[in-house]
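The primary structure of each chain is shown beneath.
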Amino acid sequence: MLMRRLAVAPIALALLAACRGGFRLDRLGTDPQVLYAAGMDQLTKHRWENAILVFEKLATDLPARDTLLPHVQFNLGTARSGNLEHLLAAQAFTKVAENYPEDSLADDAMYESGREYQKLWRSPELDSQYGTTAQATFRTMVAVYPDSPKRKEAETQLHVLEEMFATKEYLAGFYYLRRKAYDPAILYFKTVVNTYPESMKTKDAYLRMVESYRIIRYKEEAVEACAILRKRFPTDAEVQKTCPPEPVKADSTGQVPKAPVVPPAPAPVRKP
């Protein structure tokens, strides 16, 4: 049915070209095929506002079970995204996934919804509400559509979001550290290393924890954090400077134990 509808596209485009004096929605009539083709034409030309007008009208006028509706909603989301209306775009894409979960566009729509929410969280310093929504959307998409071609892209965006969340927690901890509020600073740094252990901010969070522990004279905690740093980042110059190798302790006789001597392997016996 959809292919039969799109077959009238050349006629619709001819009618659209006949609308002299600029785009006029009221000149297109009410035929869904004509309107859809006109909307796609405006979408292709990046005339976002015109495309939004067309697809909004179709979304309102078409019957609830019309097979064209998923495409209309998806294209409405695309047009709103192009027009930088990211929240409205996300809502349009979400309608596709929620109302037509079996449609071939459902997984794409859920991915695009996550991307639109992600665009609304532009920096870790800002409120992370939309970042949290984006993260939940990508996770749901991966769970519901594990075989989707968009799965790898969704997982990549999840990694990007996790780095932003880790950075947000680190910056909060650093804020308290600069103000000598060491207890809350340590709590934020612990969140980084425990919740996002593979993030790029993990090393910095451990280093700031060591700094905080030493200032408030929590010696055992500082030693423990240094041990983790040396194990995870053995060749890092900053780690080596902050947490140099611990000196070898003397035994009960006052002697520093020497490293055990490993005897050389016996020479192979040649057979005659």
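All values reported here derive from a predicted model rather than from experimental measurement.

Turning our eyes to something else, we now look at the side chain of Gln-135. Structurally, the position occupied by Gln-135 is in helix H8 (residues 129-144). Not counting residues within four places of it along the chain, the set of residues in contact with Gln-135 comprises Leu-158, Leu-161, Glu-162 and Phe-165.

Opposite charge on two side chains lets them pair, provided their charged atoms get close. This model, assessed by the stated rule, comprises 14 salt bridges. In this structure, the salt-bridge partner of Asp-61 is Lys-57, at a minimum N-O distance of 2.9 Å. Placement of the pair is Asp-61 and Lys-57 together in helix H4 (residues 48-61), with a separation of four residues, close to one helical turn. One salt bridge connects Arg-232 with Glu-198, and the closest N-O pair in it is separated by 3.9 Å. Linking Arg-232 in helix H12 (residues 219-232) with Glu-198 in the loop between helix H10 (182-195) and helix H11 (202-215), this pair joins segments that are 34 residues apart in sequence. Overall, Arg-232 belongs to the partly exposed group, its relative accessible area being 35%. Owing to a relative accessible area of 66%, Glu-198 belongs among the exposed residues under this scheme. Residues joined in a network through salt bridges with shared partners are Lys-203, Arg-208, Glu-211, Asp-236 and Glu-238.

This part covers the nonpolar core. Ranked by size, the top nonpolar core spans 39 residues in total, and within it Phe-138, Phe-189 and Leu-229 carry the most contacts. For this core, the secondary structure elements donating two or more residues are helix H6 (86-99), helix H7 (106-120), H8, helix H9 (151-178), H10, H11 and H12. Ranked by the residues each element gives to this core, the list is headed by H9, at eight residues. In terms of nonpolar packing, the next biggest core, distinct from the first, is built from 18 residues, Leu-28, Ala-38, Val-54 and Ala-79 among them.

Glancing now at the state of the cysteines. A complete count under the given rule lists one disulfide for this structure. Each disulfide pairs two cysteine sulfurs, and for Cys-226 the partner residue is Cys-243, the sulfurs being separated by 2.0 Å. Judged by the sign of its S-S torsion, about -65°, the bond between Cys-226 and Cys-243 is left-handed. Remark: Cys-243 occurs in the segment after helix H13 (237-242) and Cys-226 occurs in helix H12; sequence separation between them is 17 residues. With a relative accessible area of 4%, Cys-226 lands in the buried category.

What follows is about the packing of aromatic side chains. Scanning the entire structure with this criterion turns up ten aromatic pairs. Arranged with centres 6.2 Å apart and planes meeting at 15°, the rings of Tyr-170 and Phe-174 form a pair that is stacked. Separated by four residues within a single helix, Tyr-170 and Phe-174 lie in helix H9, roughly one turn from each other. Residue classification places Tyr-170 among the buried positions, given a relative accessible area of 7%.

Quick look at the confidence of the model for the protein now. Per-chain confidence: the protein averages 89 in pLDDT, with 83% of residues scoring 70 or above. Considering only residues more than four positions removed or in separate chains, one finds that residues 7-21, a stretch of pLDDT under 50, has 16 contacts.

Looking now at unusual backbone geometry. With a phi angle near 60°, His-46 is a residue other than glycine that sits in the positive phi range. Here His-46 is to be found in the loop between helix H3 (32-44) and H4. Within the chain, Arg-217 stands out as a residue other than glycine whose phi angle is a positive 65°. With respect to the element layout, Arg-217 can be found in the loop between H11 and H12.

Looking at where Met-141 falls in the secondary structure, it is placed in helix H8. Sequence separation between Met-141 and Gly-114 is 27 residues, and the spatial gap between their C-alpha atoms is 9.0 Å. Here Met-141 is in contact with Asp-107, Met-110, Tyr-111, Pro-146, Ser-148, Lys-150, Arg-151 and Ala-154, once residues within four sequence places are set aside.

Further remarks concern H9. In this model, H9 (28 residues) spans 41 Å end to end at C-alpha, consistent with the 40 Å of a helix rising 1.5 Å per residue. Those residues of H9 hidden inside the fold are in contact with H7, H8, H10 and H11. Downstream of H9 by a residue or two, Lys-180 has a phi angle that is positive, lying close to 60°.

Rules used in this analysis
- Residues numbered from 1 in each chain as written.
- Predicted model: local features only at pLDDT ≥ 70, side-chain atom pairs only at ≥ 80, totals over all residues.
- Heavy atoms only, no water.
- Helix = DSSP H or I, 4+ residues; strand = E, 2+ residues; numbered from the N terminus.
- Contact = heavy atoms within 4.5 Å.
- Salt bridge = Lys/Arg side-chain N within 4 Å of Asp/Glu carboxyl O.
- Buried < 20%, exposed > 50% of the residue type's maximum accessible area, 1.4 Å probe, protein only.
- Core = buried A, V, L, I, M, F, W, Y, C linked by side-chain atoms within 4.5 Å.
- Disulfide = S-S within 2.5 Å.
- Phe/Tyr/Trp six-rings, centres within 6.5 Å; stacked < 30°, edge-to-face > 60°.
- pLDDT = per-residue confidence, 0-100.
- Expected span 1.5 Å × (residues − 1).

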